[in-house]
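# Overview (structure and organization)
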Amino acid sequence: MLGGVDRSDPTPLHDQVAAQIRRAVAEGDAGPGERLPPARDLAAVMGVNTNTVLRALRALREEGLLEMRRGLGVRVSGTPQRGAVTARALELVQYARHQGYGPEELVSIIRHIS
């Protein structure tokens, strides 16, 4: 499922970890509803610190790919495609906020153009 990270790659380690998890989900190694191994186990397999894995898992949660619940672990909750759309939407929200637009105004703009 997962390999190690490339320390010679300038991509941050947490981004490399997130990319490997995304790929594993895309290739069917873990499907919606399936539970991922604990962060410490993923860290050991990938040769990184547990905090690096946790940072990657939080990013994937924000993308809508994973669901994290205390006591229940980390489960796949979406698809890589949904995660990609969510990531782009987050970028758009951040850009709009930087330009002075609030969430309601952004939704209005999107509704107007669709």
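Residues numbered from 1 in each chain as written. Predicted model: local features only at pLDDT ≥ 70, side-chain atom pairs only at ≥ 80, totals over all residues. Heavy atoms only, no water.

### Some details on the layout of surface pockets
Taken as a whole, the largest pocket holds about 160 Å³ of empty space. When contributions to the lining of the largest pocket are tallied by element, the ones reaching two or more residues are helix 3 (50-62), strand 1 (66-69) and strand 2 (73-76). Looking at the lining of the largest pocket residue by residue, the class counts come to eight nonpolar, one polar and two charged. (1 Å grid on protein atoms, 1.4 Å probe; cavity = no way out; pocket = protein on both sides within 12 Å on 5 of 7 lines; lining within 4 Å. Points joined across faces, edges and corners; volume = space filled by probe spheres on them. Helix = DSSP H or I, 4+ residues; strand = E, 2+ residues; numbered from the N terminus. Nonpolar A, V, L, I, M, F, W, Y, C, P; charged D, E, K, R; others polar.)

### Examining the packing of helix 1 (residues 13-26) against helix 3
The contact between helix 1 and helix 3 brings their axes to 8 Å, and the two run at 60°. It follows from the interaxial angle that helix 1 and helix 3 lie oblique. Once helix 1 is placed against helix 3, the crossing between them reads as right-handed. Contact residues: L13, H14, V17, A18, I21 and R22 in helix 1; T52, V53, R55, A56, L57 and L60 in helix 3. By residue class, the composition of the contact of helix 1 with helix 3 is eight nonpolar, two polar and two charged. (Axes fitted to C-alpha atoms, helices over the stretch in contact; angles between N-to-C directions. Parallel < 35°, antiparallel > 145°, perpendicular 65-115°, else oblique. Left-handed = near helix turned anticlockwise from the far one by under 90°. Contact = heavy atoms within 4.5 Å.)

### Some remarks on the packing of helix 2 (residues 39-46) against helix 3
With their axes 8 Å apart at the nearest point, helix 2 and helix 3 run at an angle of 115° to one another. By the angle class used here, helix 2 and helix 3 are roughly perpendicular. The hand of the helix 2/helix 3 crossing is right-handed. Residues A39, R40, L42 and A43 of helix 2 pack against T50, V53, L54 and L57 of helix 3. For the contact of helix 2 with helix 3, the residue count by class is six nonpolar, one polar and one charged.

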